[in-house]
Amino acid sequence: MPNLPRTLTVIIPTLNEVAWIASCIDNVSTALPRAIILIVDGGSQDETIRIAEERGVTVISSGKGRGQQLHTAAQHADTELLLFLHADTLLPHNAQQILDEYFSSSKNQIATFRLSFDHSTWFLRACAWLTRFDTVFTSFGDQSIAITRDFYHQIGGFPPWPLFEDVELLRNARRQISVRSLSAAVTTSARRFQKHGALR
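I will try to describe carefully the structure that is included in this document. Starting from 1, residues in each chain are numbered consecutively following that chain's sequence as written. pLDDT decides what is reported in this predicted model: residues at 70 or higher carry local features, side-chain atom pairs at 80 or more are listed and counted, and totals for whole chains, interfaces and linings draw on all residues regardless. Remark: hydrogens and water are excluded; side-chain values derive from all non-hydrogen atoms of the structure.

**What about the packing of aromatic side chains?**
Here comes step 1: Side-chain rings of Phe, Tyr and Trp (the six-membered ring for Trp) are treated as a pair once their centres are within 6.5 Å; stacked means planes under 30 degrees apart, edge-to-face means over 60, and tilted covers the remaining angles. Enumeration according to the criterion identifies four aromatic pairs in this entry.
Here comes step 2: Look at F84 and F158: their rings are 4.9 Å apart centre to centre, the planes differ by 90°, and that puts the pair in the edge-to-face class. Placement of F84 in strand β4 (residues 81-84) and of F158 in the loop between α6 (149-154) and α7 (165-174) is noted, with a sequence separation of 74 residues between them.
Here comes step 3: Exposed residues in this analysis have more than 50% of their type's maximum accessible area, buried residues have under 20%, and partly exposed residues fall in between, with area computed by a 1.4 Å probe over protein chains only. Residue classification places F158 among the buried residues on the basis of a relative accessible area of 3%.
Here comes step 4: Pairing Y102 with F103 gives two aromatic rings, centres 4.9 Å apart and planes at 90°, and the pair type is edge-to-face. F103 shares its class with Y102; the two are buried. The helix count covers DSSP runs of H or I at least four residues long, the strand count covers runs of E at least two residues long, and both are numbered beginning at the N terminus.

Printed below as a string of structure tokens:
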């Protein structure tokens, strides 16, 4: 008898993401039609919350800081799987099939998608290519982290840090299990690279 698909909550942290939140929610609704979408907002002063609520998405409030936001939302989720997704990132069209296949095995507890950017330079293409390898230098929350809820709590979840909370979560996971790279890429905004410069 084949394993049934696992239940899934997609957790999206927001802080003034009016430029991205509508396309992010619409993308998740299409790519993961069975998923629950949970927005955790850190105090937006723009129309982020209104746009999310108009799309029927649950919005909860948290203190500011992505680590705290993500962990707060994870405490609210009661599905078997959690997917942490940045508001400026889009899932591949076949995300549902990929996650169903990967998590059909009880041995698989955590994975990241590979990365692509919405703007192309040689540096960004190189960064994206390296995300197929799991190391402390190449795996980040931008790729979207999929994890079973039980394993998330087992390793302590995200620390309440404003930065590098994703690095710490993945490091704690590696102490017990391999973090796999899934066979498709999410597409994320290159806005930080464009604003601050690629190397910085």
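**Let's talk about the sheet that holds strand β6 (residues 110-117)**
Where strands meet in a sheet, backbone hydrogen bonds hold them as pairs that are either parallel or antiparallel.
Here comes step 1: Spatially, the eight strands line up as an open sheet ordered β3-β2-β1-β4-β7-β6-β8-β5, and their pairing is mixed. In this open sheet, the two strands that pair with only one neighbour each are β3 (58-61) and β5 (89-90).
Here comes step 2: Against the sheet, helix α3 (residues 66-76) contacts β1 (8-14), β2 (36-41), β3 and β4, and its axis sits at roughly 150° relative to β1. Whether two strands pair depends on DSSP finding at least two bridges between them. Contacts were defined at the residue level, with two residues in contact if any of their heavy atoms lie within 4.5 Å. Only C-alpha atoms enter the line fits that serve as axes; for helices the fit covers just the stretch in contact. Angles between N-to-C directions range over 0 to 180 degrees.

**Re the side chain of N108**
Here comes step 1: Mapped onto the elements of the fold, N108 is located in the loop between α4 (95-102) and β6.
Here comes step 2: With relative accessibility at 15%, the residue N108 sits in the buried group.
Here comes step 3: Residues in contact with N108, not counting those within four places in the same chain, are Y102, F103 and T148.

Scope: geometric values only; no functional claims are made or implied.
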